[in-house]
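Observations on chain architecture
Here is what each chain is made of, one letter per residue.
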There are 2 protein chains.
Amino acid sequence: MIATTPPYYAVIFSSRRNDGDHDYAATAEAMVRLASQQAGFLGLESVRDADGNGITVSYWESEAAIADWRRNAEHTQARQRGRAQWYAAFSVRVARVDRAYGTELASPA
Amino acid sequence: MIATTPPYYAVIFSSRRNDGDHDYAATAEAMVRLASQQAGFLGLESVRDADGNGITVSYWESEAAIADWRRNAEHTQARQRGRAQWYAAFSVRVARVDRAYGTELASPA
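Rules behind the numbers
Residues numbered from 1 in each chain as written. Chains lettered and ligands numbered in written order. Predicted model: local features only at pLDDT ≥ 70, side-chain atom pairs only at ≥ 80, totals over all residues. Heavy atoms only, no water. Least-squares fit on C-alpha atoms with pLDDT ≥ 70 in both. UniProt positions renumbered as here; feature names shortened; annotations may be inferred. Helix = DSSP H or I, 4+ residues; strand = E, 2+ residues; numbered from the N terminus. Salt bridge = Lys/Arg side-chain N within 4 Å of Asp/Glu carboxyl O. Buried < 20%, exposed > 50% of the residue type's maximum accessible area, 1.4 Å probe, protein only. Contact = heavy atoms within 4.5 Å. Buried area = accessible area lost by both parts, 1.4 Å probe. Polar contact = N/O pair within 3.5 Å; in protein donor to acceptor, adjacent residues only side chain to side chain.

As annotated in an unreviewed UniProt entry, chain A carries the name Antibiotic biosynthesis monooxygenase and is attributed to Chitinimonas viridis.

Okay, structure coming up:
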């Protein structure tokens, strides 16, 4: 679980991968590392199944922190490659988390 | 993509499965079917990887629709089995989606 108490913010990224790696795995790993260093980053959960369907949810202190991450140059370049090459389809949703509960989940970030 | 324009609501359910099925797959399928019939249900995205890590995000018109689904008797029973038997760890987050964009994603629901 993320230690922070709501409200905080979530970016829900759902995607379906195209075939072939094309630097995807290395870039995805680099993006997680970069995001983790951003001010206001709270944590990340990411799952992809064998069919190439993935959901990644990143958590942030504020909408300003999300906007800063969006402006990061390497992240901007990665998003462009994602649209052009890696993803057959994707959706992004920005949401305000109002309530959170559960057991401990190790942060994959 | 979900046709509805924000704001709408998301329930982000992250979990790690225990070993063994114990009626999990059949119940999960039944819950998706049941949820889809609830008033205010907008859609669902669900991914689980080979290691048993899963993220399911369900989308709802209102917080009242989420509360109604939470009170559904079969769903309540499934949640109890989930805590007792199926999940090594889980977290639930209720969030208000303020912005959404992307390409078309087939709804898995």
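**Some thoughts on the relation of the copies chain A and chain B**
If you rotate chain A by 180° and push it 0.0 Å along the axis, it lands on chain B with an RMSD of 0.0 Å. Taken together, these values place the two copies in the relation of a two-fold axis. Among all residues of chain A, the minimum C-alpha distance to the rotation axis is found for Asp49 of chain A, at 2.2 Å.

**Digging into the UniProt feature "domain: ABM" (unreviewed entry) in chain A**
Mapped onto the present numbering, the UniProt feature "domain: ABM" (unreviewed entry) falls at residues 8-94 of chain A. As a span, residues 8-94 of chain A carries 43% helix and 39% strand, and end to end its C-alpha atoms are 11 Å apart.

**Some remarks on the pattern of salt bridges**
Within the structure shown, the criterion is met by ten salt bridges over all chains. Between Glu45 of chain A and Arg93 of chain B there is a salt bridge, with the nearest N and O atoms lying 3.3 Å from each other. With Glu45 of chain A in strand β2 (residues 41-48) and Arg93 of chain B in strand β4 (residues 87-102), this residue pair bridges two chains. The burial state of Glu45 of chain A is the same as that of Arg93 of chain B; both residues are buried. In this structure, the salt-bridge partner of Asp98 of chain B is Arg96 of chain B, at a minimum N-O distance of 2.7 Å. The class for Arg96 of chain B is partly exposed, based on a relative accessible area of 24%.

**What to know about the interface of chain A and chain B**
As a measure of interface size, the accessible area lost when the parts come together is often cited. On the chain B side, the residues contacting the 38 residues of chain A number 39 residues. Here chain A and chain B share an interface that buries about 3,300 Å² over both sides, 56% of which is from carbon and sulfur atoms. Area buried by chain A at its contact with chain B is led by Val47, Arg93 and Tyr101 of chain A, which between them contribute 21% of it. The tally of links between chain A and chain B comes to four salt bridges. A salt bridge links Glu63 of chain B to Arg99 of chain A; its shortest N-O distance comes to 2.8 Å. For the pair chain A and chain B, the interface holds 21 residue pairs in polar contact (both at pLDDT 80 or more). Of all the elements in the fold, those that place two or more residues in the side of chain A that touches chain B are β1 (8-17), β2, β3 (53-60), α2 (63-71) and β4 (87-102) of chain A. Among the elements that line the side of chain A that touches chain B, the one with the most residues is β4 of chain A, at 14 residues.

**Examining the side chain of Thr27 of chain B**
Residues and elements named next belong to chain B. If you trace the backbone, Thr27 turns up in helix α1 (residues 24-37). Residue Thr27 is classed as buried on the basis of its relative accessible area of 17%. A polar contact of 2.6 Å, which involves the side chain of Thr27, links it to the backbone oxygen of Asp23. Those residues in contact with Thr27 that sit more than four places away from it in its chain are Ala78 and Trp86.

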